[in-house]
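# Residue-level structure breakdown
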Amino acid sequence: MSKSLFPKLPLRIRIVIAATAFFMAVAAILAVLIAISVRDMTNTATSIDDARARHAATAAISALQEHLSATARDNTVWDDGYEHITSPEAKEFSDTTWGRSTKDNPLFDASIVVTPEQTILSSYKKGEEFDPTDFFGSSLADLISHAKTSGRVPVVSFARSVDGLALMAAGAIQPYDQTVASGTSFHTLVLVRLLSTDTLDEIEHTFDLDDLSVSVTPEPHMLSVPLNDADGNTLTYLQWESRDPGAMIYNRVSGYLLAAALVLVAFLVAVLVTGILSVRMLQRSTDRARHRATHDVLSGLLNRAGILEQLDKAIATDKAGLTLHLIDLDGFKGVNDAWGHAVGDELIKLVAARVQSYLPANALFARLGGDEFAVATPLDTTPDLAQTIVECVAEPFMIGGRTIEIGASIGTVISENDVPDALELLRRADMALYTAKESGRGKAVTFTAALDNDRHMAAELEDRLRKALERGEVQVSYQPLFDAKAGRVVGVEALAQWMPVTGRVSPEVFIPIAERSGLIDQLGMQVLKAAIDQARQWKTLALSVNVSPIQLRNPNFPADVIRLLEATGFDPHRLTLEITEGVLMSNPDQARRAIEMLRNVGVKFALDDFGCGYASIGALRTFGFDRMKIDRSLVSGLDNREGSEVLTATISLAHALNIPVTAEGVETQEQATALKLSGCDQLQGFLLGRPMSGADITALVRVSAA
Ligand code: C2E
Ligand code: MG
Ligand code: MG
């Protein structure tokens, strides 16, 4: 297929080109065939007529020769003639019989009688005596010598004369019946017919020939036959103009031929124009289809397939390298959820237009789908482009009177021509983007080999975590929660513990991995189950368990927890689930449904790590939390005045909303005292107790009770 004539063109276009070419070829072949036929016809007509003319001319000459020969024979083989010519009045006889009759004789123009001794006896031309030796030159003597040996048949020959070409017939004058003694010499009679214009006109007329003339060398464009002397040597040529009937025929039909040629040319032009127009139309529709396949309808930018193709081309041709930025909008989903897809679409268009205005002319710009864009520029053209894009997208957008603020995270990959193809380029940029997203909003991260390593290690860790979960190797430790006033242990927070042989892995590392890989549901339920099993032995202690936002998004989660509580007979009122604010921001409705279902059976909810994230008062109020846990970062900020004021304000806020407060990460006695004075009713931290085994908690409870 690739060996075809037009390998790059679509099939439809190739068919049109082939059909047009076929029509043109057929028409051209027909034109050539007609031209050849016409030429052959005219040539044949001309050559047939030429052959006829040549035949007629030859016949005319033969007739002339035979005629003169017959006249000469009648006058030479003649008893009376012989008698007179051999008598003394021979001269008188010759002059009257032949000489004077040349004046108006239709058969010959001159007569010469030569004696056996070769002297001229009588010579007349047109009735007048003349000197034949001067007139004919040597040809006369030649002819006479031939005539001596020719017997009764006269010798006929063409000869040159002073008056032009002449036909001569010579015969020996001899008796018809009488026998003559052998060795007798005869008189010779020479009759001459001059080929005058009258003679030629007569031949023309009789034999239907045109413009006869005599020429020593025939002219090339004329037809001719040779005229020979007695020895058979060509003396001269009789020539005439060919009638060229072919040309006449051609002239007659040339009008029709011209009309036919014009019709053919018009047909060819029509076929050609139709072909060109069809090819153009098909090309245009192919281009449109191609454009649709490689461009995004909403933004008009290249789409994923489009930029992949362009990138592959750039990688193959541009040896200088390029920079690819992968842009993901922060908070776009929220805009879509809050104001609908029409506003979301409008926002995509505005973002595309704004980013475009900051790009160099030679940049490739694409929308990969959803809220993801890609920008590719030649290497080093705009070094700060990622930061420029982050800043320009962070500027507010106005849509239908609304002010919308979003952000952009960017993953950049710089290829100094060391990335094999576009897919790999995109994969690396994607990895950098992932890292940028993980490290918060509005970040730009450039891909490095280390990132690849991190990903690799993360993938390996994920694999190990999966196996650890299957083998039940993820354990639970318990950190005691103290009543601030009484200083007693009132509860525990269950914390996942993973201690493979290679050393402890922090939950801060493996929890996000479990969340990304979908293992979090399994891990969460394992921790919950282990913690409940353990806590059942403690009778009075409250149990706090951390729940990931991902778990809360799972519609089965509340039912699973309730089933577990029922199965173990654990009092739901003793259980507190700790959640962070993130889930409330990203999936408020789902979170609300799950929380309501579980609160209905008596489970309590604590807002974990308050103060490190969005710290939204709205969330605290609408979800009606049973407890707020102040983040470790706020507690450690107690050391300075500003920090302690923030902490005091936060605790006051919780009290105003009637929510009891737990302080996390209490490490010093000063912190414990300050928190107690500020109104925290529960304390948690290394000062009071590190995360420990269930058995250690049992021992601690005993000591604390004592
Ligand atoms: P968290 O829920 O805020 O848990 C408290 C973390 O603070 C624990 O770290 C604990 O060891 C640490 N901590 C407690 N007191 C102090 C202190 O005085 N100083 C310092 N520096 N640290 C203190 P850990 O065990 O590394 O857990 C980290 C986070 O991982 C937890 O923060 C929680 O968000 C998450 N996590 C742990 N286990 C689970 C689990 O089973 N499920 C889920 N979804 N998340 C978990
Ligand atoms: Mg917690
Ligand atoms: Mg916490």
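Treat the numbers as computed from the prediction; the structure is a model and nothing was measured.

A separate point is the side chain of Thr294. By secondary structure assignment, the location of Thr294 is in helix α7 (residues 245-294). By relative accessible area, which is 10% here, Thr294 ends up buried. A polar side-chain atom of Thr294 sits 2.8 Å from the main-chain carbonyl oxygen of Arg290.

On the surface, a cluster of positive charge is contributed by Arg280, Arg284, Arg288 and Arg292. Relative to the helices and strands, Arg288 resides in helix α7. Since its relative accessible area comes to 49%, Arg288 is described here as partly exposed.

Bound to the magnesium ion (ligand 2) on the protein side are Glu493 (OE), Asn546 (OD1), Glu578 (OE) and Asp608 (OD), at distances that span 2.0 to 2.3 Å. Expressed as a motif, the donor residue spacing for the magnesium ion (ligand 2) is E-x52-N-x31-E-x29-D. The metal-metal distance between the magnesium ion (ligand 2) and the magnesium ion (ligand 3) comes to 3.8 Å, with Asp608 coordinating both. Taken together, the positions of Asn546 in strand β19 (residues 542-546) and Asp608 in strand β21 (residues 604-610) put the pair 62 residues apart, joining distant regions of the chain. The class for Asn546 is partly exposed, based on a relative accessible area of 30%.

So, on to the pairing of strand β22 (residues 627-630). In β22, alternate side chains face the same way, and those of Arg627 and Lys629 on one face and Met628 and Ile630 on the other are all buried. As paired elements, β21 and β22 share three bridges and run parallel to each other. Counted as the bridge partner of Phe610 is Ile630 from β22. Two strands pair when backbone bridges link them, and β22 and strand β23 (residues 661-663) are joined in this way by three bridges, in the parallel orientation.

Parameters at a glance
Residues numbered from 1 in each chain as written. Chains lettered and ligands numbered in written order. Predicted model: local features only at pLDDT ≥ 70, side-chain atom pairs only at ≥ 80, totals over all residues. Heavy atoms only, no water. Helix = DSSP H or I, 4+ residues; strand = E, 2+ residues; numbered from the N terminus. Buried < 20%, exposed > 50% of the residue type's maximum accessible area, 1.4 Å probe, protein only. Polar contact = N/O pair within 3.5 Å; in protein donor to acceptor, adjacent residues only side chain to side chain. Patch = residues over 30% accessible without salt bridge, like charges linked within 9 Å, V, L, I, M, F, W, Y side chains within 5 Å. Areas by Shrake-Rupley, 256 points an atom, 1.4 Å probe, with all protein chains shown as cover. Salt bridge = Lys/Arg side-chain N within 4 Å of Asp/Glu carboxyl O. Lys, Arg positive; Asp, Glu negative; His and termini not counted. Charge placed at Lys NZ, Arg CZ, Asp CG, Glu CD. Donors = N, O, S within 2.8 Å, 3.2 Å for Na, K, Ca; no water. Pairing = 2+ DSSP bridges.

Nothing here speaks to function; it is all geometry.
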